[in-house]
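# Working through the structure, step by step
The primary structure of each chain is shown beneath.
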Amino acid sequence: MSGDNPADLIRDLYSWLSEEPELRGRTRIHADAVPEGALGSPADVLQLILGAGGGAATAASVVIAWLNTRSGEVTVKLSRGGDDGETLEVTAKGVRGLDPVGVRELATQIAHLLDTAHQDR
């Protein structure tokens, strides 16, 4: 997460995700580890735990709706657990500029990234 006060942004997105019945209890905030010798405090990481067939489309919709309400430069970096390195960065400015077809395509792209069912393929 990047933008003004990322910790507050993470907590706000956490709140939005937690309000969805399908995602309730599946969202956690963790402090990322700071490498030894590095300066600064650990970054917060929002973790969403999805089971097979559960919640990826809902999470994608919530992230897009949340970004659409943000002002300024806010970026969410989405990644799926594991070492495959697959990530997607979505910006508030980019979401606000999308037409309905673009929103649908972005939601599909995010859901595909988050979908645990396709990890094992």
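Residues numbered from 1 in each chain as written. Predicted model: local features only at pLDDT ≥ 70, side-chain atom pairs only at ≥ 80, totals over all residues. Heavy atoms only, no water.

## A short note on the nonpolar core
If you look at soluble globular proteins, the nonpolar side chains tend to sit buried side by side. Formed by 26 residues in total, the largest nonpolar core has its most connected members in Trp66, Leu67, Leu78, Val90 and Ile110. Secondary-structure elements contributing two or more residues to this core are α1 (6–18), α2 (56–68), β3 (75–79), β4 (87–91), α3 (92–96) and α4 (100–114). Among the elements that take part in this core, α2 stands out by supplying 8 residues, more than any other. When sequence neighbours within four positions are dropped, the list of residues in contact with Trp66 reads Met1, Leu9, Asp12, Leu13, Trp16, Val74 and Val76. (Core = buried A, V, L, I, M, F, W, Y, C linked by side-chain atoms within 4.5 Å. Buried < 20%, exposed > 50% of the residue type's maximum accessible area, 1.4 Å probe, protein only. Helix = DSSP H or I, 4+ residues; strand = E, 2+ residues; numbered from the N terminus. Contact = heavy atoms within 4.5 Å.)

## Some words on the packing of α1 against α2
Packing of α1 against α2 brings their axes to within 10 Å, and their N-to-C directions diverge by 135°. For the element pair α1 / α2, the angle class is oblique. Viewed along their axes, α1 and α2 form a crossing whose handedness is right-handed. Across the interface between the two elements, Leu9, Asp12, Leu13, Trp16 and Leu17 from α1 touch Ala59, Val62, Val63, Ala65 and Trp66 from α2. (Axes fitted to C-alpha atoms, helices over the stretch in contact; angles between N-to-C directions. Parallel < 35°, antiparallel > 145°, perpendicular 65-115°, else oblique. Left-handed = near helix turned anticlockwise from the far one by under 90°.)

## Some remarks on the confidence of the model for the protein
Summary statistics for the protein give a mean pLDDT of 83 and a share of 79% for residues scoring 70 or more. Within the protein, the element-level pLDDT minimum falls on strand β2 (residues 44–48), averaging 79, and the maximum on α2, averaging 94. (pLDDT = per-residue confidence, 0-100.)

## Notes on unusual backbone geometry
At Asn5, a position not held by glycine, the phi torsion is positive, near 55°. Mapped onto the secondary structure, Asn5 falls in the segment before α1. What makes Asn5 partly exposed here is its relative accessible area of 42%.

## Thoughts on the pattern of salt bridges
Considering all chains together, one arrives at 2 salt bridges under this definition. Between Arg11 and Asp8 there is a salt bridge, with the nearest N and O atoms lying 2.2 Å from each other. Placement of the pair is Arg11 and Asp8 together in helix α1, with a separation of 3 residues, close to one helical turn. By relative accessible area, which is 38% here, Asp8 ends up partly exposed. The closest approach of N and O atoms between Asp12 and Arg70, which form a salt bridge, is 3.0 Å. Of this pair, Asp12 sits in helix α1 while Arg70 sits in the loop between α2 and β3; the two residues are 58 residues apart in sequence, bridging distant segments of the chain. When its relative accessible area of 26% is taken as the criterion, Asp12 is described as partly exposed. Classification of Arg70 by relative accessible area gives buried; the value is 18%. (Salt bridge = Lys/Arg side-chain N within 4 Å of Asp/Glu carboxyl O.)

## Some remarks on the environment of Arg96
Along the polypeptide, Arg96 turns up in helix α3. Classification of Arg96 by relative accessible area gives partly exposed; the value is 39%. Residues Arg96 and Ala65 lie 31 residues apart in sequence; the distance between their C-alpha atoms is 9.6 Å. Once you skip the residues sitting within four places of it in the chain, Arg96 turns out to touch Leu67, Asn68, Arg70, Ser71 and Gly72.

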